[in-house]
Amino acid sequence: MGLFETSQMAVSSHLNLEFFRDIFQSVEPDILIDTYEEEPGSGRGDNYTATLYRIHLNGQRRLIDNKTQRWEKSLICKRLPENIHLREAYKSDKLFRNEVEFYMTIMPELLQFQVTKTTEVFKAIPECYYARSDLLIMEDLRVRGFQMPDRKQGLTLNETQLVLQKVAHFHALSLSYKFEKPAQFENFRKLTTEGLFCKDNETWYKNYYDKLLESAIEMVSDVLAENSKYLKALKGFAESSTFFSNMVDMVNEDTNLTALCHGDCWANNFLYRYELDADGQKQLMEVCLVDFQLIRYGSIALDVTNLLFCCTSKTMRDQHLEELIQLYTDEIYRWLKILCNNIPEYCNRREKFQELFRQELKAFGRFALGLSLDIIPISTCSSEDAPDMFENKRCEGLESKIGAPELNFPPNELCRQKMSEILIDLVDNGML
């Protein structure tokens, strides 16, 4: 998994040439790094809880005959925002700790567990070279041809199918470890904390979600009839006194299918690699899951409902929702059979597992609506309208008191459409 730094260093994002030389002395000892450059690693609207930079390293590789050859490497550097107000507004310190624990402890242990069961290893995450409380240094997936999908349009059918398979594999790893090593799994739970929907955040985010709910009702009212069952369902869901606590309850509910989940399954956190075939047509080859800051212990249905409803179009769901659910349950059960010596009786047959998962998907489906309140406005806004995380300035309104973020996006037709369609599908599928 790479090199991890666990010393208690002062929180600083300052990087220099010696820093990178020290990292790669262990990773590639025959390398001498001469220079490094950095540039922003994501566009506006692509990342809010951390600051991403792309690092370009150049140097030489020493060969056996004392000759050298040119060497270069591109890395992604993920830092806590330098602006203390942004860090407080987005709870970045807590989220960053989650991701560090994921790369330092959780994923290496899950992979070590997996190699005792099968030679087919989960590889759908970037390699991490270095991790500490304020900094992650990871491979630049762009070098291998990975790219972010169009967050406005959402995922294609092929992209959705592939990422569902990888999410199923990850969920199966987590569930299997829980089934086989319950005591060790309990230690995993203690390493991470819920980064968003916890009771401690309720007062903090009240104004934030009140505004998002108000905006969502206004947008949906422009599309759907005032007396429609869909709008009534949204207004019932949006009761300010119960909305956030309902989201907290869903995250904290312990079910037969609770496990460590990605926690943030939206389009920006899936990177895809394509290749051209003999006819010059793009063929989907791989997907990588990134950004594990919101990793949580909860029902695996929380991830799946986010992916199916917030990352796809209604046209796709109308035509393929059932087969996508079937694909996911088939894949996760296949992996459970590989990874578990004894699957619990309540899901030890494919049909049992599928029925149990569908029950949880129905129970937790409305979680997608809560997530859509900010995912859909963010994913449908233009880069020009998105807040600029690279501007080192105080957040408006936070000069005297640090508070929750306020994301004000101009309403647009695509946002109204997507929000309304998610609402319609959740109601029609008995999830709201």
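Remember, it's a predicted structure, so these values are computed and weren't measured experimentally.

S.K.: What is the right way to read the packing of aromatic side chains from this model?
M.R.: Two numbers describe a pair of aromatic rings. These are the distance of the centres and the angle of the planes. For the structure on display, the rule yields 26 aromatic pairs. Ring centres 5.5 Å apart and planes at 45 degrees place the aromatic pair Phe24 and Tyr129 in the tilted group. Taken as a pair, Phe24 in helix H1 (residues 17–27) and Tyr129 in strand S4 (residues 128–132) lie far apart in primary sequence, 105 residues in all. Overall, the relative accessible area of 2% leaves Phe24 in the buried class. On the numbers, 4.9 Å between centres and 80 degrees between planes, the contact of Tyr208 with Tyr209 is edge-to-face. On the accessibility criterion, Tyr208 (8% relative accessible area) is buried. Since its relative accessible area comes to 3%, Tyr209 is described here as buried. Taking the ring centre of Tyr53 as reference, the NZ or CZ of Arg79 above it sits at 4.4 Å. A cation over an aromatic ring shows up here: Lys282 above the ring of Tyr274, its NZ or CZ 4.3 Å from the ring centre.

S.K.: Explanation requested: helix H7 (residues 229–237) in the structure shown.
M.R.: Three or four residues apart is the spacing at which side chains of an α-helix point the same way, because the helix has 3.6 residues per turn. Of all the residues in H7, the buried ones are Tyr230, Leu231, Ala233, Leu234 and Phe237. Along H7, the residues classed as buried sweep out an arc of 160 degrees about the axis, all on the same side. Structural note: H7 exposes Lys229 and Lys232 on the side pointing more than 90 degrees away from its buried face.

S.K.: Explain the sheet that holds strand S2 (residues 51–62) here, please?
M.R.: Backbone hydrogen bonds are what pair the strands of a sheet, in a parallel or an antiparallel way. Spatial ordering of the open sheet is given by S1-S2-S3-S5-S4, a layout of 5 strands whose pairing is antiparallel. Sheet topology places strand S1 (31–40) and S4 at the edges, where each strand pairs with a single neighbour. Across this sheet, the average inter-strand angle for adjacent strands is 25 degrees, counted without regard to direction. Of the strand pairs in this sheet, strand S3 (residues 68–79) and strand S5 (residues 135–139) are connected by 5 bridges, and their pairing is antiparallel. Paired with Cys77 across the strands is Ile137, a residue of S5.

S.K.: Can you help me understand the sheet that holds strand S6 (residues 146–147) in this one?
M.R.: Overall, antiparallel pairing links the 3 strands, which are arranged S6-S8-S9 in an open sheet. Edge strands, defined here as strands with exactly one partner in the open sheet, are S6 and strand S9 (282–289).

S.K.: Teacher, can you tell me more about the packing of helix H10 (residues 314–339) against helix H13 (residues 413–428) here?
M.R.: It is at 10 Å that the axes of H10 and H13 come closest, and there the two elements cross at 25 degrees. As summarised for this structure, H10 and H13 are arranged roughly parallel, according to the angle between their axes. Between H10 and H13, the residues in contact are Lys314, Arg317 and Asp318 and Glu421, Ile422, Ile424 and Asp425, respectively. In terms of residue class, the contact of H10 with H13 is made up of 2 nonpolar, no polar and 5 charged.

S.K.: What should I look at first to understand the pattern of salt bridges in this one?
M.R.: Between side chains of opposite charge, a pair can form as their charged atoms come close. Applying the stated criterion to the full structure yields 30 salt bridges. Its salt-bridge partner being Asp291, residue Lys78 comes within 3.2 Å of it at the nearest N-O pair. Of the two residues, Lys78 is situated in strand S3 and Asp291 in the loop between S9 and strand S10 (296–299); the sequence distance between them amounts to 213 residues. The pair formed by Lys78 and Asp291 is uniform in burial state, with each residue classed as buried. We note a salt bridge from Asp428 to Lys229, for which the minimum N-O separation is 3.9 Å. One end of the pair, Asp428, is in helix H13; the other, Lys229, is in helix H7, and 199 residues separate them in sequence. Given a relative accessible area of 44%, Asp428 falls into the partly exposed group.

S.K.: Explanation requested: the confidence of the model for the protein chain in the structure shown.
M.R.: Interpretation of this model should avoid reading the predicted coordinates in detail wherever pLDDT is low. Looking at the protein chain, the pLDDT average stands at 87 and 85% of residues meet or exceed 70. At the low end of the mean pLDDT range in the protein chain sits helix H2 (residues 84–89), at 66; at the high end sits helix H9 (residues 300–310), at 98. Note on residues 389–400: pLDDT under 50 across the span, and 25 contacts to partners over four residues away in sequence or across chains.

S.K.: Explain unusual backbone geometry to me, please; I cannot follow it from the model alone.
M.R.: Across the chain, the bulk of peptide bonds are trans and the bulk of non-glycine residues have phi less than zero. The phi dihedral of Asn66 falls on the positive side, at around 70 degrees, and the residue is not glycine. The topology assignment puts Asn66 in the loop between S2 and S3. By relative accessible area, Asn66 is classed as exposed at 74%. The phi dihedral of Asp291 falls on the positive side, at around 65 degrees, and the residue is not glycine.

S.K.: Got a minute to help me understand the environment of Phe113 in this structure?
M.R.: Relative to the elements of secondary structure, Phe113 occurs in helix H3 (residues 92–115). Exposure remark for Phe113: the relative accessible area of 4% places this residue in the buried category. Residues Phe113 and Tyr177, spaced 64 residues apart in sequence, show a C-alpha to C-alpha distance of 7.4 Å. Excluding residues that lie within four positions of it along the chain, Phe113 makes contacts with Leu173, Ser176, Tyr177, Glu180, Lys181 and Leu339.

S.K.: In this structure, what is going on with the pairing of S4? I would like to understand it.
M.R.: The side chains of a regular strand alternate, residue by residue, between the two faces of the sheet. Here S4 lies mainly inside the structure; 5 of its 5 residues are buried. The hairpin formed by S4 and S5 contains 2 residues between the paired strands.

S.K.: Can you walk me through the nonpolar core in this structure?
M.R.: Where a protein is soluble and globular, its nonpolar side chains tend to be buried together. Among the nonpolar cores identified, the biggest contains 114 residues, and Phe197, Tyr209, Phe270, Ile300 and Phe357 are the most heavily contacted of them. Leaving out residues up to four positions away in the same chain, Ile300 has contacts with His171, Leu175, Leu257, Ala259, Cys261, Tyr328, Ile332, Phe353 and Phe357. Grouped together as the second largest cluster of nonpolar side chains are 17 residues, Phe19, Phe20, Phe24 and Leu135 included.

The rules we used
Residues numbered from 1 in each chain as written. Predicted model: local features only at pLDDT ≥ 70, side-chain atom pairs only at ≥ 80, totals over all residues. Heavy atoms only, no water. Phe/Tyr/Trp six-rings, centres within 6.5 Å; stacked < 30°, edge-to-face > 60°. Helix = DSSP H or I, 4+ residues; strand = E, 2+ residues; numbered from the N terminus. Buried < 20%, exposed > 50% of the residue type's maximum accessible area, 1.4 Å probe, protein only. Lys NZ or Arg CZ within 6 Å of the ring centre and 35° of its normal. Arc of directions from axis to C-beta. Pairing = 2+ DSSP bridges. Axes fitted to C-alpha atoms, helices over the stretch in contact; angles between N-to-C directions. Parallel < 35°, antiparallel > 145°, perpendicular 65-115°, else oblique. Contact = heavy atoms within 4.5 Å. Nonpolar A, V, L, I, M, F, W, Y, C, P; charged D, E, K, R; others polar. Salt bridge = Lys/Arg side-chain N within 4 Å of Asp/Glu carboxyl O. pLDDT = per-residue confidence, 0-100. Core = buried A, V, L, I, M, F, W, Y, C linked by side-chain atoms within 4.5 Å.

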